[in-house]
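Residue-level listing of the chains:
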Amino acid sequence: MIPGRPEFDPLQLSTTPAAAEDEPHGQDTRATLSLLDDEQEWTAFSRPRAQQPGCWESNVVIEGMHCAACALSIEDALKGVPGVLSAEVSAGSHRAKVVWEAQAVAPSGWIQAVQKAGYRALPANDAFARERRLAESRRALWRMMVAGLCMMQVMMYAYPAYVARPGDLTQEMEQLLRWASWVLSLPVILFSCGPFFGNAWRDVLHRRVSMDLPVALGMLITFLVSTAGTFDPAGIFGHEVYFDSLTMFVFFLLAGRWFELRLRDKTAGSLEALMNRLPDSVSRLKSDGQFERVPVRRLHPGDVIRVLPGEAFPADGVLLQGRTAVDEALLTGESQPLTRNVGDEVISGSHNLSAVVQMRVDRVGEQTRFAQIVNLMESAATTKPPLARLADTIAKPFLMGVLLAAGLACGYWWQTDPERALMVAVSVLVVTCPCALSLATPAAMLSAAGALARRGVLVRRLDAFESLAAVDTVMFDKTGTLTRDAMVLTSIQVRPGLPEQQVLAMAAALAQHSLHPVSRAIVVAANLAEVPGNWRADQVTEQAGQGISARVALAGDTEPDRLLRLGSGDFCGAPPTDGSALQVHLSDDRGWLASFGFLEEIRPDATETVSALRRAGISVHLLSGDAREAVQRVAEKVRISAVKGQCSPQDKLDFLRDAQRQGSKVAVIGDGLNDGPVLAGAHVSFAFGQAVPLAQAQADFLVSGGRLMNVVDALLLSRRTLFIVRQNLWWAAIYNAVCVPLAIFGMLPAWLAGLGMASSSLLVVLNALRLSKDAQFERKT
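Keep in mind that what you see is a predicted model, and the values were worked out from it rather than measured. (Residues numbered from 1 in each chain as written. Predicted model: local features only at pLDDT ≥ 70, side-chain atom pairs only at ≥ 80, totals over all residues. Heavy atoms only, no water.)

Next up on the list: the overall build of the chain. The secondary structure content of the chain amounts to 26 helices and 27 strands. Buried residues in the chain amount to 53% of all 781 residues. Once local pairs closer than 6 in sequence are excluded, the contacts in the chain between residues at least 24 apart make up 69%. (Helix = DSSP H or I, 4+ residues; strand = E, 2+ residues; numbered from the N terminus. Buried < 20%, exposed > 50% of the residue type's maximum accessible area, 1.4 Å probe, protein only. Contact = heavy atoms within 4.5 Å.)

Listed below in C-alpha cells is the structure:
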C-alpha cells in the first residue's frame, strides 16, 4: 500500500453495471476504478510493450461469461473503446489480453466498457481470485441442490400420471398433483434459473445473442406452457404439463456447469498458484541493523532481506547468510529440493524450505525470471489457436440459426398440436450447444500447457501444439543444448611474452557482455583467479554464432584502445587446432593473442532423448558452430549420425530452408542465444536452458529446467493433444448433427435435450483434462 493513497481492493470491482449506478455504491465503484488509472498501479496487472512505446498490455480475468459468443461480445466492447489497439478473449480460460495506448485511454475506461457489456474484468493476478471462484462454486452448488431437490419431488408427483391407467386418477387428484408440481417449480424458476434469465436479459438489452438466451427462452416457455395447463386444464395447453421436464433439464444444466466450473478451477489452479506465489511483504534490513516489514513492491536492488522457512523468495538475488533447501518445482520443473549456500543465486518465486536466510536483492519486478514466466503463461492462456478462432467465429451465426430453427419447428408443429409445437421448440433451443465446439480446442491445449508448465516447459503460443504434432525432423544445437549450460575453463595458450592473467582479464572484459555459456565460463574463471577488472570495453558487437568484438583499453591508460575479438577460429583469424577440445580464441589488430580450452559435459539424458525421438519416427540432426571434431565427438556419444560442424547462422538457416522445401516439418532446439534466425524460421522451436531472458527468446517452447527429455514429452503430448482436439471436434459435430434433427422432428423430450446439452460440453472438458495428469506421458517403445 502506498502511503496517502487508499489501498486497491479488487473485490470492489465485482459489481454489476446496474449496481454501479446506485449511490453511494456507484461512487465507491468509480473511485475504486479510478485507482487503476494511477500509473504506479499498472504494473500490478500490466506491462509496457517494448515494440510499441507508450502502449501497455494488460491481462484480466473475465467473470460472467459462459461461451464463445460471450468472448466475441467482450472483444467487440473492448475494441470499441478509443485507445484500445487490440483485445483477445479466451472462452476456455476466461481471460482477456488488452493492448492499449496510455495517452488515449486509462484502464478504468476499458474496464467500464466490459462492465457496460454486462461482464466483469478483474486483474489477472488478483489475490482474491480463488476466493471469488469458491464463492461462485458455492452459489452454483446451492442452485443445483435446490433444483435437484425440487426435481425429485416433482418427479414423485409426476410419476402417477405416467403409470396410471385410465380411471385410476380422478381429475381432482391430477389437478392437485399439478398444483403441487407448480409450487415446487417456483424455487427452480426464481432461484436456480436466475443466472440464465439474468444473462439472457443482458443479451436482450445489448441486442446480441449468447448461449443463455435460447436456454432461458426454453425454460420460460416450458414454465409458461405448464402454468397455463395448471391454471386452465380445459384450455389449449391443458392436456399435459412439463414441470418434471423443466426441473430435470435445469438440474442437468446446472450440474454440467458446476462440474465445468470445478474442472476450470483445477485447470486455472496451476497458473494461479504460480501468479500468487510471492509474499505480500518481507523483512528488510534497516541501516540500524534491525529488520522492518515492507511490501514486496518497495524492494530495490541492493536491499538485504530475511526469508523465513516456508516463505517464497520475493526477488532474484544471492544468499548472504545461511544454508537452506529451496523448492523450484513450479518454476523449473525440478521436483527435488535444491541446496543453496552462501553465494548461490536464488530465484523469485522459489520456496525457502528449511532455514532462515538472508539474501541480497539483485532483480525485482518485471526483471525477475518469475515475472517473465508469469507473463508467458498469461499470454499463452489468452491466445487463440486457429481452430478455436474458427469455432468462435461461427458461434454467433450458429446461435441465430438455433433461434430460427426453433421458430420454424414451432410453426410446423403448431398446425397439428400447439402444445407439442412449443415443447419441440424448447427441445431445439435447449439441445443445441455451441459450447462443446468452442471448448474443444482451447480446453485441450490449456490442459496440455498446464501439464508442461509443471515440468518446466513454458508454452508461448498454444497453436504451436499443432505445429509440433506434425514435426518429423529435429535439429539440435550443441552448446548449452546437448551439453550443459555451465562449462569449465581448462587451459589457456597465450602469445609468447603476454601474461596469462592479463589475457584472461582482457577476454573477461569482452565476455561479460555476452550470455553465451563460453563467455560466462571465462567470466567465472576470471573471478576465481581474481584477475584485475580494470579493462573497459566499448562499442561491443556480438555476431551470432561467431563471437564478440569491442574496443578495449586499460582504465585510466593514455594509450589508444584496440580492437579485440573473442570467438571462433575463423572469426579471430586464429591458427588451426587439432579440434580435440572446445576452444575459443582472442585476437587483436596484430593477430592471435590466446586460445581458451573448455570442458563441456553432455547432459545425462541426451542419448535417451535422441533414442526416444527416433522411436517416435523423428529424424535427428546436429548442427553447431564449433569445430567439426568437437561436434563429431559429441554426436558419437549421443548417437546422432547426421552431423555438421563449423556452421554459421546462415548455414543453419540454409539447412532449415532446404529441409522445409523437401516437405519436412522441422523443430529446432537451441539455447536461444545465437539461434534467433533459425528459431524464428522453424515450424516450431525450443529455447533450452536459462541463459536467455525469456522476454527475448524467439522460441515457441521455453525449457527452463535441465531435463532434455522434456522435449520428447512435449512432442508426444502435442500429438496426444491434437488427437483429443479431433475427438472433441468430432463429438461436438456429431452431437449437434444427430440431436438437432431429432429435436426438430419431436423425437427428443425437453429433459433429454437438457441432459444432452449439459453432458456435451462436460464431456469435452473431461476429455481434455486427461492431458493434465501428472503421470508420466506415454512414450512409444
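Still to come is the rest of the account.
Secondary-structure assignment places Glu-75 in helix H4 (residues 68–79). Among the polar contacts listed, one links the side chain of Glu-75 to the backbone nitrogen of Val-89, at a separation of 2.9 Å. (Polar contact = N/O pair within 3.5 Å; in protein donor to acceptor, adjacent residues only side chain to side chain.)

Here helix H25 (residues 709–744) is 36 residues long and its end C-alpha atoms lie 52 Å apart, about the 52 Å a rise of 1.5 Å per residue gives. Just beyond H25, the residue with positive phi is Gly-746, at close to 75°. (Expected span 1.5 Å × (residues − 1).)

As enumerated under the stated definition, the model contains 11 aromatic pairs in all. Summarising the aromatic geometry, the rings of Trp-56 and Trp-100 are spaced 6.4 Å apart at their centres and angled 20° between planes, so their arrangement reads as stacked. Remark: Trp-100 occurs in strand S4 (residues 95–101) and Trp-56 occurs in strand S2 (residues 55–63); sequence separation between them is 44 residues. Each member of the pair, Trp-56 together with Trp-100, is buried. Consider the rings of Trp-182 and Phe-231, whose centres lie 5.4 Å apart with planes at 85°: the pair is edge-to-face. Taken as a pair, Trp-182 in helix H7 (residues 171–192) and Phe-231 in helix H9 (residues 212–231) lie far apart in primary sequence, 49 residues in all. (Phe/Tyr/Trp six-rings, centres within 6.5 Å; stacked < 30°, edge-to-face > 60°.)

Now for the pattern of salt bridges. Summed over the entire model, instances satisfying the criterion amount to 14 salt bridges. Two residues, Arg-120 and Glu-63, come together in a salt bridge whose shortest N-O distance is 3.2 Å. Taken together, the residues span a long stretch of sequence, with Arg-120 in strand S5 (residues 120–123) and Glu-63 in strand S2 at a distance of 57 residues. Between Asp-588 and Arg-495 there is a salt bridge, and its shortest N-O distance comes to 3.3 Å. Taken together, the residues span a long stretch of sequence, with Asp-588 in strand S21 (residues 582–588) and Arg-495 in the loop between strand S17 (488–494) and helix H18 (500–511) at a distance of 93 residues. Of the two residues, Asp-588 and Arg-495, neither departs from the other in class, the shared state being buried. Via salt bridges that share partners, Arg-284, Glu-292 and Asp-303 belong to a single interconnected network. (Salt bridge = Lys/Arg side-chain N within 4 Å of Asp/Glu carboxyl O.)

This next bit is on the side chain of Arg-202. As for its position among the elements, Arg-202 is in helix H8 (residues 194–205). Here Arg-202 falls in the buried class, since its relative accessible area comes to 7%.

The next point concerns the nonpolar core. Within the largest apolar cluster, 59 residues are counted, with the highest numbers of intra-cluster contacts made by Met-219, Phe-249, Val-250 and Leu-253. The element contributing the most residues to this core is helix H10 (residues 243–275), with 11 residues. Not counting the four nearest positions on each side in its chain, Met-219 is found in contact with Ile-189, Cys-193, Phe-196, Phe-197, Leu-246, Phe-249, Val-250 and Leu-253. If you look at the next biggest cluster of nonpolar residues, it comprises 50 residues, including Ala-448, Ala-635, Ile-640 and Val-712. (Core = buried A, V, L, I, M, F, W, Y, C linked by side-chain atoms within 4.5 Å.)

Reading across the sheet, the seven strands line up as S15-S27-S26-S25-S16-S23-S24 and stay open at both edges, with mixed pairing between neighbours. Each edge of the open sheet is held by one strand with a lone partner, namely strand S15 (457–459) and strand S24 (642–644). When strand polarity is set aside, the average angle formed by the axes of neighbouring strands in this sheet is 20°. Bridge count between strand S23 (residues 619–623) and S24: three bridges; the pairing is parallel. Bridging from a neighbouring strand, Leu-622 pairs with Val-643 of S24. Along the sheet face, helix H23 (residues 649–661) touches strand S16 (473–476), S23 and strand S25 (666–670) and points at about 160° away from the line of S25. (Pairing = 2+ DSSP bridges. Axes fitted to C-alpha atoms, helices over the stretch in contact; angles between N-to-C directions.)

The next subject is the pairing of strand S14 (residues 357–363). Two strands pair when backbone bridges link them, and strand S8 (residues 304–307) and S14 are joined in this way by four bridges, in the antiparallel orientation. Residue pairing for S14: Val-307 is matched across the bridge by Val-357. One ladder, built from five bridges, connects strand S9 (residues 316–321) with S14; its direction is antiparallel. Opposite Val-318, over in S14, you have Arg-360 as the bridge partner.

On average, the chain scores 78 in pLDDT, and the residues at 70 or more come to 82%. Low confidence marks residues 1–28, where pLDDT is under 50. Its contacts with residues over four positions away, or in another chain, come to 57 contacts. In this model, residues 774–781 is a region of pLDDT below 50 whose contacts with residues beyond four sequence positions or in other chains number 20 contacts. (pLDDT = per-residue confidence, 0-100.)

Before going further, it helps to spend a moment on a nonpolar patch on the surface. The grouping of Tyr-159, Tyr-162 and Val-163 at the surface amounts to a nonpolar patch, some 360 Å² of accessible area in total. Structurally, the position occupied by Val-163 is in helix H6 (residues 129–163). (Patch = residues over 30% accessible without salt bridge, like charges linked within 9 Å, V, L, I, M, F, W, Y side chains within 5 Å. Areas by Shrake-Rupley, 256 points an atom, 1.4 Å probe, with all protein chains shown as cover.)

Right, let's talk about the packing of helix H14 (residues 418–431) against helix H26 (residues 750–769) for a bit. Helix-helix packing: each pair is described by the crossing angle between the helix axes and the interaxial distance. H26 packs onto H14 with a crossing angle of 5° between their chain directions and a minimal axis gap of 8 Å. Classed by the angle they form, the pair H14 and H26 counts as roughly parallel. Packed against H14, whose contacting residues are Met-423, Val-426, Ser-427, Val-430 and Val-431, the element H26 presents Ala-750, Ala-753, Gly-754 and Met-757 at the interface. Grouping the constituent residues of the contact of H14 with H26 by class yields seven nonpolar, two polar and no charged. (Parallel < 35°, antiparallel > 145°, perpendicular 65-115°, else oblique. Nonpolar A, V, L, I, M, F, W, Y, C, P; charged D, E, K, R; others polar.)

Right, let's talk about the pairing of S16 for a bit. With burial as the criterion, each face of S16 is covered, one bearing Thr-473 and Met-475 and the other bearing Val-474 and Phe-476. The sheet contact formed by S16 and S23 spans four bridges and is parallel. Residue pairing for S23: Val-474 is matched across the bridge by Val-620.

Moving on, we get to unusual backbone geometry. Notably, Gln-539 is not glycine yet its phi reads approximately 55°, a positive angle. Looking at the secondary structure, you find Gln-539 in strand S18 (residues 535–543). The exposure class of Gln-539 is exposed, given its relative accessible area of 63%.

For the rest of this paragraph, the subject is the sheet that holds strand S6 (residues 281–285). Reading across the sheet, the six strands line up as S7-S6-S8-S14-S9-S12 and stay open at both edges, with antiparallel pairing between neighbours. A single partner strand is all that each edge strand has here, and the edge strands are strand S7 (291–295) and strand S12 (345–346).

What follows deals with the environment of Val-740. Position of Val-740 relative to the elements: it lies in helix H25. Assessed through its relative accessible area of 18%, Val-740 is described here as buried. Sequence separation of Val-740 and Ala-405 is 335 residues, and the distance between their C-alpha atoms is 9.0 Å. Those residues in contact with Val-740 that sit more than four places away from it in its chain are Val-431, Thr-432 and Tyr-735.

On to the environment of Asp-588. The class for Asp-588 is buried, based on a relative accessible area of 9%. For the pair Asp-588 and Arg-551, spaced 37 residues apart in sequence, the C-alpha to C-alpha distance is 9.7 Å. Setting aside anything within four residues of it in sequence, one finds Asp-588 in contact with Arg-495, Arg-562, Leu-563, Leu-564 and Leu-593. Side-chain polar atoms of Asp-588 contact the backbone nitrogen of Arg-590, separated by 2.9 Å.

What follows deals with helix H21 (residues 606–615). Burial in H21 covers these residues: Ala-606, Thr-609, Val-610, Ala-612 and Leu-613. Burial along H21 is one-sided: seen end-on, the buried residues are contained in an arc of 165°. Buried-residue contacts for H21 involve S16, helix H17 (478–482), S23, helix H22 (628–638) and H25. One or two positions beyond H21, positive phi appears at Gly-617, with a value near 85°. (Arc of directions from axis to C-beta.)

Interaxial distance between H25 and H26 falls to 9 Å at its minimum, and their mutual angle equals 170°. Taken together, the axes of H25 and H26 are roughly antiparallel relative to one another. Seen from H25, the contacting residues are Ile-724, Gln-727, Asn-728, Trp-731 and Tyr-735; seen from H26, they are Ala-753, Gly-756, Met-757, Ser-760, Leu-763, Val-764, Asn-767 and Ala-768. The class makeup of the residues in the contact of H25 with H26 is eight nonpolar, five polar and no charged.

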